[in-house]
Amino acid sequence: MKLQEFTASAHNFEECMKCTICTAYCPVVPVNPRYPGPKQAGPDGERLRLKDPYFFNQALKYCLNCKRCEVVCPSGVKVADIIQSARIRYDHTPPRLRDRVLANTDFMGRLARPFAPIVNGVTSLGVTKTVLDVTFAIDRHRTFPKYSGRSFEGWLKRRAKEQAKFPKQVAYFHGCYANYNYPQLGKDFVKVMNALGIGVQLLEKEKCCGVALIANGMSQKAARNAGQNVQALQKAVDAGLTVLTTSSTCTMTLRDEYPELLKVDNASVRDSVILATRYIYQLIESGAAQLRFKENYRARIAYHMPCHLEKLGWGIFSYELLKMIPGVEFTLLDSNCCGISGTYGFKKENYEASQAIGKPLFDQIRSVNPDFVACDCETCKWQLEMSTGYTVKNPISILAEALED
Amino acid sequence: MKRNEYDVIIVGGGITGAGTARDCAMRGLRVLLIERHDIATGATGRNHGLLHSGARYAVTDQESASECIRENMILRQIASHCVDETDGFFITLPEDDLNYQAKFVESCLAAGINAEIVDPKEALRMEPSMNPDLIGAVKVPDGSVDPFRLCAANMLDAKLHGAQVLLYTEVTGFIKEGDRIQGIRTYNHQTHKSGEYYAPITVNAAGIWGQHIAELAGVKIGMFPAKGALLIFAHRVNGIVINRCRKPANADILVPGDTVCVIGTTSTKIPFEECDNVKVTPDEVNLLIEEGAKLAPALASTRILRAYAGVRPLVSADNDPSGRNISRGIVCLDHETRDGLKGFITITGGKLMTYRLMAEMATDLVCRKLAVDKACATAETPLPGSGGKSFREVAEKIWENPTTVQKAAVGRLGMAAERMQSSDSVSQSLVCECEEVSVGEINSAIERLDVNGLTDLRRRTRVGMGTCQGELCGCRAAGLLAKAHGCADRAREDLKDFMTERWKGMYPIGWGDALREAEYTQWVYKHVLGV
């Protein structure tokens, strides 16, 4: 008899064997009893939603989209994608003002930049935090990311000529964080690339990757951003450039969320979007380039692998690079979610769960007591700095500071 | 009055028997229903679950078609919780004759079926899973109906009207006095006790097994056992029923029912002796996948949950080897006028769709014989659980903010979900995760719906009917049954039978994910639970 050669379903939901390992590994399940867990919310719920959209469960909003369920799934089921797609498809509640503000990271960045010192001052006031908590449901414990008075884009544009002189070139998708909040990360990236003999270009037009828009129910706008970004990436790829990134979540969004959640085809550019640490590691490993580090550099570093980097499978490149720096005493922290998941942890209703999820990680950092923590994700950084008091640095910034002058 | 005396005894716990029991009980008769297994174990539970509009029969059998559409409209009213008003398409593919469409629509309209030609592109927009090569589409008021639920609701309502139901009780013979059937002899397969029950009229509603029952009574009916095989796919590929617009043939109906969809059927004549043990052959599976993929191409790569087969209870009329051209018409035999045997009626033929009409015809005859003058009211009286147009309407009638578990229960029980315990966390916790069946729903089924074992429970609640086929829910449900029946040994044996029965349906399609799942299930049961 003829067997079916293969079976397929949307995000592989039908390939689920009900082994429930995703629920065992979900960071939300132990801390929030209202969340049905990835198996129930994902492949199980999907069959009911196909029967009638009325079976959509609002509790799906408690999913962090950390993708840990997808990493552990032995059957290749894209559990988090099923859940996020269901939210996109069935949840038609308009996003509240708070969620709009949190989600529009680039718009808020452009708005705040000219008044950065004032904005930073105001958002760090206790009274502002209380007002935001009460009127806006942004938890008062949260520290707002600071805005920079000058954007990274402006900085690099002024140096375009000098960058063009390098024989090898890459393009850089800097993301909202490096552009508006912490241009130093972008500058560090340029320093490291230049040390490798590579010049850095901006994309012709970069939009926010859209991850926060997806999480906050604004997927249409996210899809518009995605469309524009794919065009910009295409131009870079057509010019023979690899596009490097320093944010693990932007990277995952550009590569995986565009086709899976937003149905934006990125097949022609996907393989050219690479996290900088992976690119650098492979360059050094192949002997094509070298980095020279300070002889007296000393640091005790604990590395936290962001969930989305774990999903990409590229965390090893980041920490192997750090281990190459002489004088580094390295600890790889256990695989745990920090609990913030972008804008999720900023919301008052999620604050407690967010901190409970992160607790094992916070405790381990305290017991390791490093000089600082290394991590490729800016929102993990906010969470860990607020919750542990330790400074968190992107591996690229650590490479930059360890480079021989 | 003697012990065990009734006005009417009904043999057969399928939909015809259950419907007849309900009708008789509603007309004030004292009713006993006897079933040798569980409810809906024969053809009732082994079909598409298609709420026929009648369109399928319109060209070949106008009478059946108009019966269907009348009953279709009635069931939407009286059994809203068993019916999903999906509508249906009859599509013409390039290899089909488009001229058939005009004849088809004309015949539908003549039978009172609202058939409407839809532009193929528009049809494809309404039902994107359909074969995009289609050259014609006609929309008809098809739907899907859950036969287990429908049967259980009829049975429950019969009981609410005073009927008595004996399951797992087999008729072993008739008590005759001269040319009159006075009652039946029975054997109970659970208590292993024999019994005698008396009534002036016995109705043979045993479906294909009616031939055997008639023989026990000393009369002959020639049944035409025609096997039909079907495949269950693991989720709904389509939201609207898809049929082929041509003369009825193999595997040309795809029905979305509850969380799954079903393709079927085949039609093969089988010897009467095989009725109790029908198997799906590899050739049938091949044919169903191949023909099914012509209706909805996605079926070729969609996971299959199970294969099953039923036997159509057709009354043989001519020498047609396929059984397709035999009328699906209702046959109501008064053996007094036919064979000179008093007190014995056979109601057969027909189909799931026309069960209510069959019950009405049989009950009318029973009433005439008993000189009871009471009109049939089953067409206007809703079944327990019916009411409300949508899940949302029903769920929000019962609870202010229904939880997913409560919503899922409403999807199965309709208004009857109200009676289920669902306020505390234990009764809300899930037994079956694939179909979202809670402890409360299981307990309510055990209390109200004559559950003897896990397989009975499955027919009433969908426990074990989801993707995992009992992997996670079988042992949990067995625990609840052990508690309710106070016997763990019985539950353990029952669990073994249940899992074996689940495997039986997976065996014909044992490859890919279904095989992985079965293997995993085996680990869980053998190595983790030690069953």
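All values reported here derive from a predicted model rather than from experimental measurement. (Residues numbered from 1 in each chain as written. Chains lettered and ligands numbered in written order. Predicted model: local features only at pLDDT ≥ 70, side-chain atom pairs only at ≥ 80, totals over all residues. Heavy atoms only, no water.)

**A word on the overall build of chain A**
Line of reasoning, step 1. Along its length, chain A carries 21 helices and eight strands.
Line of reasoning, step 2. With respect to the three principal axes, the spread of C-alpha positions in chain A is 65 × 65 × 40 Å.
Line of reasoning, step 3. Across the 405 residues in chain A, those meeting the buried criterion constitute 60%.
Line of reasoning, step 4. Excluding contacts between residues fewer than 6 apart, the proportion of contacts in chain A whose partners are at least 24 apart in sequence is 76%.
Line of reasoning, step 5. For chain A, the accessible area works out to roughly 16,800 Å², and carbon and sulfur atoms hold 53% of it.
Line of reasoning, step 6. Computing the positive centroid from 52 side-chain charges and the negative centroid from 40, chain A places the two 5 Å apart. (Helix = DSSP H or I, 4+ residues; strand = E, 2+ residues; numbered from the N terminus. Buried < 20%, exposed > 50% of the residue type's maximum accessible area, 1.4 Å probe, protein only. Contact = heavy atoms within 4.5 Å. Areas by Shrake-Rupley, 256 points an atom, 1.4 Å probe, with all protein chains shown as cover. Lys, Arg positive; Asp, Glu negative; His and termini not counted. Charge placed at Lys NZ, Arg CZ, Asp CG, Glu CD.)

**Focus: the overall build of chain B**
Line of reasoning, step 1. The secondary structure content of chain B amounts to 18 helices and 23 strands.
Line of reasoning, step 2. Taking the principal axes of the C-alpha coordinates as reference, chain B spans close to 65 × 55 × 45 Å.
Line of reasoning, step 3. Here chain B holds 531 residues, and 63% of them are scored as buried.
Line of reasoning, step 4. Within chain B, counting contacts between residues at least 6 apart in sequence, those at least 24 apart form 71% of the total.
Line of reasoning, step 5. For chain B, the computed accessible surface area is about 20,100 Å², with 50% contributed by carbon and sulfur atoms.

**What about the pattern of salt bridges?**
Line of reasoning, step 1. Applying the stated rule across the entire model yields 70 salt bridges over all chains.
Line of reasoning, step 2. For Lys369(B), the salt bridge identified is with Asp334(B), shortest N-O distance 2.9 Å. In this pair, Lys369(B) sits in helix H10 (residues 355-370) while Asp334(B) sits in strand S20 (residues 330-334), placing the two residues 35 residues apart along the sequence.
Line of reasoning, step 3. What makes Asp334(B) buried here is its relative accessible area of 15%.
Line of reasoning, step 4. A cluster of three or more residues bridged by salt bridges with shared partners is formed by Arg47(A), Lys51(A), Asp146(B), Arg149(B), Asp258(B), Glu435(B) and Arg462(B). (Salt bridge = Lys/Arg side-chain N within 4 Å of Asp/Glu carboxyl O.)

**Comments concerning the pairing of strand S5 (residues 88-92) of chain B**
Residue and element names in this part refer to chain B.
Line of reasoning, step 1. Counting buried residues in S5 gives five out of five residues, a clear majority hidden from the surface.
Line of reasoning, step 2. Taking every second residue as pointing to the same face, both faces of S5 are buried, with Gly-88, Phe-90 and Thr-92 on one and Phe-89 and Ile-91 on the other.
Line of reasoning, step 3. Note that S5 and strand S7 (residues 136-140) share five bridges and pair antiparallel. Pairing of Phe-89 across the sheet is with Lys-139, part of S7.
Line of reasoning, step 4. The pairing of S5 with strand S15 (residues 241-244) spans four bridges and is parallel. Within S15, the position partnered with Gly-88 by the bridge is Val-241. (Pairing = 2+ DSSP bridges.)

**Side note on the domain arrangement of chain B**
All names here are of chain B.
Line of reasoning, step 1. By domain assignment, chain B separates into domain 1 (8-43 + 148-222 + 328-370), domain 2 (82-145 + 224-315) and domain 3 (391-528).
Line of reasoning, step 2. Taken over C-alpha atoms, the centre of domain 1 sits 31 Å from the centre of domain 2.
Line of reasoning, step 3. In this structure, the connection of domain 1 to domain 2 is made through two salt bridges.
Line of reasoning, step 4. Arg-149 is paired through a salt bridge with Asp-258; the nearest N and O atoms lie 2.4 Å apart.
Line of reasoning, step 5. Counting the contacts that link domain 1 with domain 2 gives three residue pairs in polar contact (both at pLDDT 80 or more).
Line of reasoning, step 6. Among the secondary structure elements, those contributing two or more residues to the side of domain 1 that touches domain 2 are helix H6 (147-160), helix H7 (210-217) and strand S21 (344-349).
Line of reasoning, step 7. Here the side of domain 1 that touches domain 2 is composed, by residue class, of seven nonpolar, six polar and three charged. (Domains from an automatic or database assignment. Polar contact = N/O pair within 3.5 Å; in protein donor to acceptor, adjacent residues only side chain to side chain. Nonpolar A, V, L, I, M, F, W, Y, C, P; charged D, E, K, R; others polar.)

**Some remarks on the side chain of Thr249(A)**
Residue and element names in this part refer to chain A.
Line of reasoning, step 1. Here Thr-249 shows up in helix H15 (residues 248-260).
Line of reasoning, step 2. A distance of 2.9 Å separates the side chain of Thr-249 from the side chain of His-308, its partner in a polar contact.
Line of reasoning, step 3. When sequence neighbours within four positions are dropped, the list of residues in contact with Thr-249 reads Val-211, His-308 and Cys-377.

**Some words on the sheet that holds strand S5 (residues 299-303) of chain A**
Line of reasoning, step 1. As summarised here, the arrangement of the four strands in space is S6-S5-S7-S8 (chain A), forming an open sheet in which the pairing is parallel. Each edge of the open sheet carries a strand with a single partner, namely strand S6 (328-332) and strand S8 (392-393) of chain A.

**Here we look at the environment of Gln184(A)**
Residue and element names in this part refer to chain A.
Line of reasoning, step 1. Tracing the sequence through the fold places Gln-184 in helix H12 (residues 183-195).
Line of reasoning, step 2. For Gln-184, a relative accessible area of 34% gives the class partly exposed.
Line of reasoning, step 3. The sequence separation of Gln-184 and Ser-151 amounts to 33 residues, and the corresponding C-alpha distance is 9.9 Å.

**Overview of the pairing of strand S10 (residues 169-177) of chain B**
Line of reasoning, step 1. By the bridge criterion, eight bridges tie S10(B) to strand S11 (residues 180-188) of chain B in an arrangement that is antiparallel. Bridge assignment links Val171(B) to a residue of S11(B), and that residue is Thr186(B).

**Structural notes on helix H11 (residues 391-398) of chain B**
Line of reasoning, step 1. Looking only at H11(B), the buried set comprises Phe391(B), Val394(B), Ala395(B) and Ile398(B). Across the axial projection of H11(B), the buried residues extend over an arc of 95 degrees, all falling on one side.
Line of reasoning, step 2. Residues of H11(B) that are buried make contact with helix H2 (38-51) of chain A together with helix H12 (404-413) of chain B. (Arc of directions from axis to C-beta.)

**Let's talk about the interface of chain A and chain B**
Line of reasoning, step 1. At the interface, 30 residues of chain A touch 43 residues of chain B.
Line of reasoning, step 2. Together chain A and chain B conceal approximately 3,200 Å² of surface at their shared face, both sides included; 52% is due to carbon and sulfur atoms.
Line of reasoning, step 3. One can count three salt bridges joining chain A with chain B.
Line of reasoning, step 4. In this structure, Glu433(B) engages Lys39(A) in a salt bridge whose closest nitrogen and oxygen atoms are separated by 2.2 Å. (Buried area = accessible area lost by both parts, 1.4 Å probe.)

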